[in-house]
Amino acid sequence: MPFDAIFLSAVCDELRQELIGARVEKIQQPARDMVVLQLRGKARLLLSASGNRPRFHVTQASYENPAQPPMFCMLLRKHLAGGRIAAIEQPPAERSVELTLDCTDEMGTPCQKRLILELMGRNSNLILTDGENRILDCMRRVDFEMSEQRQVLPGLFYHRPPRQEGKLTPQELTKPALERLLAQTAAPVHLDRWIVDHVAGISPLIARELAFGFCGETDADVLTLDRARLAEALTQPSLLQARQPTLLLCGGRPKDFTYCPIRQYSAYMTARTMPSFSALLDAFYTETEQRERMLQKSQSLRRTVTNLLERTRRKLAAQRKEREASLDRETLRRRGDIVTANLHAMTRGMTVLRAEDFYQEDMPEIEIPLRPELSPQQNAARFYKEYNKAKHAEKILAEQIARGEIEEEYLGAVLDELNRAESERDLAEIRAELEAGGYVRSADRRRQQKQPASRPMRFRSSDGFEILVGRNNRQNDQLSLKTARRDDLWLHIQKFHGTHVIICCAGAPVPDGTITEAAMLAAWYSQAREGQNVPVDVTQVRNLRKPNGAKPGMVVYDRYRTVIVTPDAALCERLRAE
């Protein structure tokens, strides 16, 4: 959800108790639209004016300084270094926060400066003003050509963004006021959309939750609802005054965040209560930004593998079509026999032979196309030649299709690895695997710092057994064929791309609970992590074989059993031992 005004007020209330009186020791600008204030006591206050993720919270993450500090960062250091946070204020129902700092000027005279963060999507900005409310500088300068209503430039007095007309603030929500607005509504409109349009400071997520709480659905039409009951429901203080930092997860990954319980998603999303709003925002943005960074860094490899996979599939489709055509070769042989049997009735230059088909019981008369430039004997030989060619083609195509299916399976597995890569080391190992297979050009190793090989992920079951999970195909081979003992248990998801999982038991009896947990790990680290009732095969390592010439990560096995599990992200985190 975006930073709506109610969520921002909850963050401000939390930070007032923690930061009032804190001294600014260092100021960083690690990104063009982000500033971090290092406060005494190791707290880092993050102010982001990013167009797609503006935010304001205390963070535990550390950021690297650029080699050359930006000019705005130098200005902030000049005016704010050594200052103390005196106040944290939020204009009513607005997505902006104003930090007042007690500072000293160049002459050592006490003064006040204000740092104003406007969290308004692509119009977000970070503005520094003096004690007279005059703008010293800002992160994004807005001149007259960019906006006729409001300019943000050094030297001008700061004015707050104009309030949206026709909207009530949460403090102004009364039953008579809502009834008047509802009475003025003439066109059909969904209730959640109506709330966003008429109540300031509420995000679409909260509007949908209000609609869901009132009528059990998120897209009910306002005109069909009882106005009096709706006005009374919307003036209840329960939801809009809640203060419960909640992280919403889908498939174990952060999907959204809010300040109150969310019921509209039912079982589609799970909720996790966080200890503070700063911890909530730190957890959400740290993981989402890490995932986006990995997507960006893996983009080149992903594009290469995707193109190879699509090319392989197109080639397979053409080969299968050609093989289907070769299966009709008996017709060619029969035509050759019929032409041979009727050579006495044929002459050079004929284009069609009409003769009885003695391969059918009623011997109907059929027409066989001929080439007029060939003699009768040459036409017969042509059919036999095409028959032998089709017979040979079927054998060659069967071999090519088998190799193509292995290639398709392997490239699909690599693409799944890229989707699950968690670090640059994982990407480097996948690239090295593709280079060894000749799929991508080898990089200049002299310019790259050699990194130690990554280790398999380690987990510990509830019964105390160590469980190892491979990160990529080459590691899967190492784990299953060299590291694991012959009496250990090996698990892999059935009919999907996934990783190899080893239960280190050395032949000791393994409880069903441990096998179930290991199977859930195998299902989670696979293509089926979003599924339910996923089949996972279990066998001893001694039953694994790697065929000659097989691609990395590919093994065959027999004498196995199958367990059915549903992936659980929370269990994976609980069992992690590293």
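Details of the structure are given in the entry above.
What comes next concerns the included structure. (Residues numbered from 1 in each chain as written. Predicted model: local features only at pLDDT ≥ 70, side-chain atom pairs only at ≥ 80, totals over all residues. Heavy atoms only, no water.)

### Some thoughts on the packing of helix 4 (residues 191–198) against helix 5 (residues 204–215)
In step 1: Packing of helix 4 against helix 5 leaves a shortest axis separation of 8 Å and a crossing angle of 130 degrees. On the basis of their axis angle, the class for helix 4 and helix 5 is oblique. Where helix 4 crosses over helix 5, the two elements pack in a sense that is right-handed. Only Pro-204, Ala-207, Arg-208, Leu-210, Ala-211, Phe-214 and Cys-215 of helix 5 make contact with helix 4, whose side of the interface consists of Leu-191, Asp-192, Ile-195 and Val-196. (Axes fitted to C-alpha atoms, helices over the stretch in contact; angles between N-to-C directions. Helix = DSSP H or I, 4+ residues; strand = E, 2+ residues; numbered from the N terminus. Parallel < 35°, antiparallel > 145°, perpendicular 65-115°, else oblique. Left-handed = near helix turned anticlockwise from the far one by under 90°. Contact = heavy atoms within 4.5 Å.)

### Notes on the packing of helix 11 (residues 424–436) against helix 12 (residues 473–483)
In step 1: Running from amino to carboxyl end, helix 11 crosses helix 12 at an angle of 90 degrees, the nearest separation of the two axes being 8 Å. As far as their axial angle goes, helix 12 and helix 11 are roughly perpendicular. Each of Glu-429, Ala-432 and Glu-433 in helix 11 lies in contact with helix 12, whose residues at this interface are Asn-473, Arg-474 and Gln-475.
In step 2: Residue classes in the contact of helix 11 with helix 12 are distributed as 1 nonpolar, 2 polar and 3 charged. (Nonpolar A, V, L, I, M, F, W, Y, C, P; charged D, E, K, R; others polar.)

### Here we look at the packing of aromatic side chains
In step 1: Tallied over the full model, the rule gives 11 aromatic pairs.
In step 2: Judged by centre distance (6.1 Å) and plane angle (55 degrees), the ring pair of Phe-459 and Tyr-525 falls under tilted. Linking Phe-459 in strand 15 (residues 457–460) with Tyr-525 in the loop between helix 13 (512–524) and strand 19 (534–540), this pair joins segments that are 66 residues apart in sequence.
In step 3: Residue Phe-459 is classed as buried on the basis of its relative accessible area of 0%.
In step 4: A connected cluster of aromatic rings, assembled from ring pairs, spans Phe-7, Phe-257, Tyr-259, Phe-277, Phe-284 and Tyr-285.
In step 5: Taking NZ or CZ as reference, Arg-382 lies 4.5 Å from the ring centre of Phe-383, over its face.
In step 6: Directly above the ring of Tyr-410 sits Lys-551, whose terminal nitrogen or CZ lies 5.6 Å from the centroid. (Phe/Tyr/Trp six-rings, centres within 6.5 Å; stacked < 30°, edge-to-face > 60°. Buried < 20%, exposed > 50% of the residue type's maximum accessible area, 1.4 Å probe, protein only. Lys NZ or Arg CZ within 6 Å of the ring centre and 35° of its normal.)

### A look at the pattern of salt bridges
In step 1: With the rule as written, the count across this model stands at 22 salt bridges.
In step 2: Taking the shortest distance from any N to any O, the salt bridge between Glu-118 and Arg-150 comes out at 2.5 Å. Of this pair, Glu-118 sits in strand 7 (residues 110–118) while Arg-150 sits in the loop between strand 9 (135–138) and helix 3 (175–183); the two residues are 32 residues apart in sequence, bridging distant segments of the chain.
In step 3: A salt bridge links Arg-320 to Glu-405; the shortest N-O distance between them is 3.0 Å. (Salt bridge = Lys/Arg side-chain N within 4 Å of Asp/Glu carboxyl O.)

### Things to note about helix 11
In step 1: Here helix 11 contains 13 residues, and its C-alpha end-to-end distance of 18 Å stays within 8% of the 18 Å for a straight helix at 1.5 Å per residue.
In step 2: In this fold, the buried residues of helix 11 make contact with helix 7 (277–297), helix 8 (299–326), helix 10 (376–420) and helix 12. (Expected span 1.5 Å × (residues − 1).)

### Looking at the sheet that holds strand 11 (residues 253–258)
In step 1: What the 3 strands build is an open sheet, ordered 11-10-12; its pairing is antiparallel. Each edge of the open sheet is held by one strand with a lone partner, namely strand 11 and strand 12 (270–273). Averaged over all neighbouring strand pairs, the angle between strand axes comes to 35 degrees, with direction disregarded.
In step 2: Of the pairings in the sheet, the one linking strand 10 (residues 246–250) to strand 11 comprises 5 bridges and is antiparallel in character. The residue bridging Leu-247 from the neighbouring strand is Phe-257, located in strand 11. (Pairing = 2+ DSSP bridges.)

### Quick look at helix 1 (residues 5–19)
In step 1: Between its terminal C-alpha atoms helix 1 stretches 20 Å, which fits the 21 Å expected from 15 residues at 1.5 Å a residue.
In step 2: Listed as buried for helix 1 are Ala-5, Ile-6, Phe-7, Leu-8, Ser-9, Ala-10, Val-11, Cys-12, Leu-15 and Leu-19.
In step 3: Immediately beyond the C-terminal end of helix 1, within one or two residues, lies Gly-21, with a positive phi of roughly 90 degrees.

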